[in-house]
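Close look at the chain arrangement
Given next are the chains, with one letter for each unit.
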Amino acid sequence: MDHSKNTQENTTTLTTIRGMRDILPDETPLWARLEQVARDIFGRYGYRELRTPILEKSGLFARAVGETTDIVEKEMYTFADRNGDSLTLRPEGTASVVRSFIEHGMDRQLPWRVFYMGPMFRYERPQKGRYRQFHQIGCELFGPATAVADAEVMSMVMSYLRAVGVSSQLTLEINSLGCPSCRPAFRQSLTDYFSALKSNLCEDCQRRLERNPLRILDCKQEQCRELSRNSPHTGQHLCGGCEEHFTSVRGFLDGLSQPYQVNNHLMRGLDYYTRTAFEVTTLQLGAQNTVAAGGRYDQLVADMGGPATPAVGFAMGVERLALLLAGQDTVKPPLVYVATLGPAAVLLGLQLAEALRGCGVGVELALAGGSLKSQMKKADRCGAAHTVILGDEEATHRTLLIREMATGEQRRLDYQEGLHFLAAGFGMGGMVP
Ligand code: ATP
Ligand code: MG
């Protein structure tokens, strides 16, 4: 097949999709650490990993996230597959976790604690900290309806953020969003308040006023935020049960000496939250100031057709954590560089490199050959502690010329001795075959 005539055209289109990005090898060590610490910390609290498909039937999100949310109204990647079924790239994780909980009858194993991590997709306006493919790490706990469960979940989020090294820049904000018995009155008071100000709301919020006035509190437009600041808030409308629950949550956080701020105007962008809602915010990412968000959703499982089961959970934005920690995790350099001069030395170099890696030592072997000077330059650049220089002489006698990069000191050892010497420095000497 002749590919040549399309080359010109293709090179101009070979980029990622707007709002989606490559996480390059310089960044992946930080990402791997963010994931590893999540496994460690969440594991200590008894959470186990759940992996759900990235594609779900579209109806799942309309039902779980809410018809009147921004996500469902305008942000989902929805398309028909070859069979004509409507599928959606998941915009968030909780809907799939709840589907899985119901599908596998996990109400027989309460409490059910799971965490997940992976890409999510929302058609938003891309900017720093806001992408169309982004990643979340999240947890969900099914079963307990207690305030101590909410406090433990929030404490777990903060432990995680401390462990990855960002907690000093963060604030935990909490609120109670009420429940089906107190929300109607709150909703009505919002409708009354915003109706009088309707012409000052953005176009979207004028529509929200009819369909779901709670959404106005989550609007990012400055004019709506301004009006929301003085609007009725959830604190004025909580029923006795919600009030008691919220007081109790705060008591547990106080008892743990976990700092927090009550923010009565905190509203979540998803419909399913009840009672406790929280966000962890930073002043360092501009408008994208929330790094983690979550809360209780006691009605969702039943709303989705499952056995009534209270639940609480949260999700963190990995890109935003990575922005806060940028430059902190660097790639580990190989510890040994193996330079080879002439064809006879290549096999010895390959054997040595493989033997050292077998002992747990990171090795870069000069695969492209070249002059001694150019290979030494590469050895320098890669940051190796030792370089082994192999030429005809070494190949013939199976010896190793080992140069310590920091001092320039060189020593010649026979192959086995050299292997021990290089591996011993890394605590793996005993494993040398
Ligand atoms: P925001 O208010 O910033 O739009 P949200 O309320 O839509 O966030 P959630 O759905 O609760 O966010 O998702 C939890 C976390 O996932 C957010 O706090 C954020 O850290 C991250 N997140 C959400 N949307 C994006 C995005 N488009 N790009 C990057 N991270 C995101
Ligand atoms: Mg959003």
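Residues numbered from 1 in each chain as written. Chains lettered and ligands numbered in written order. Predicted model: local features only at pLDDT ≥ 70, side-chain atom pairs only at ≥ 80, totals over all residues. Heavy atoms only, no water.

What follows deals with helix 14 (residues 372-382). Gln375, Met376, Ala379 and Cys382 are the residues of helix 14 that are buried. Around the axis of helix 14, the buried residues are gathered within 130° of arc, so they sit on the same side. Set apart from the buried face of helix 14 by more than 90 degrees, the exposed residues are Lys373, Lys377, Asp380 and Arg381. Downstream of helix 14 by a residue or two, Gly383 has a phi angle that is positive, lying close to 85°. (Buried < 20%, exposed > 50% of the residue type's maximum accessible area, 1.4 Å probe, protein only. Helix = DSSP H or I, 4+ residues; strand = E, 2+ residues; numbered from the N terminus. Arc of directions from axis to C-beta.)

So, about the layout of surface pockets. Estimates place the volume of the second largest pocket at around 360 Å³. Those elements giving two or more residues to the lining of the second largest pocket turn out to be helix 3 (58-65), helix 7 (183-195) and helix 11 (300-303). For the lining of the second largest pocket, the per-class residue count stands at 12 nonpolar, four polar and seven charged. (1 Å grid on protein atoms, 1.4 Å probe; cavity = no way out; pocket = protein on both sides within 12 Å on 5 of 7 lines; lining within 4 Å. Points joined across faces, edges and corners; volume = space filled by probe spheres on them. Nonpolar A, V, L, I, M, F, W, Y, C, P; charged D, E, K, R; others polar.)

In the structure shown here, the tally under the stated rule is 10 aromatic pairs. Where Phe42 meets Phe314, the ring centres are 5.9 Å apart and the plane angle is 75°; that geometry is what we call edge-to-face. On the criterion of sequence distance, the pair formed by Phe42 in helix 2 (residues 28-44) and Phe314 in strand 11 (residues 311-317) is long-range, its members being 272 residues apart. Note on Phe314: relative accessible area 2%, which makes it buried. The interplanar angle of 50° and the centroid separation of 6.5 Å between the aromatic rings of Phe278 and Phe314 together place this pair among those described as tilted. With a gap of 36 residues between them, Phe278 in strand 9 (residues 274-282) and Phe314 in strand 11 connect regions that are remote in the sequence. Per residue, the accessibility class of Phe278 equals that of Phe314, and both read buried. (Phe/Tyr/Trp six-rings, centres within 6.5 Å; stacked < 30°, edge-to-face > 60°.)

So, on to helix 5 (residues 94-103). Most of helix 5 is tucked away, with eight of its 10 residues classed as buried. Every buried residue belonging to helix 5 is among Thr94, Ala95, Ser96, Val97, Val98, Arg99, Ser100 and Phe101, and all of these are buried.

The residue after Leu110, namely Pro111, is reached through a cis peptide bond having omega -5°. Looking at where Pro111 falls in the secondary structure, it is placed in the loop between helix 5 and strand 5 (112-121). Although it is not a glycine, Ser257 adopts a positive phi angle of roughly 55°. With respect to the helices and strands, Ser257 occurs in the loop between helix 10 (240-255) and strand 8 (261-262). In this structure, Arg275 takes a positive phi of about 50° despite not being glycine. Mapped onto the elements of the fold, Arg275 is located in strand 9.

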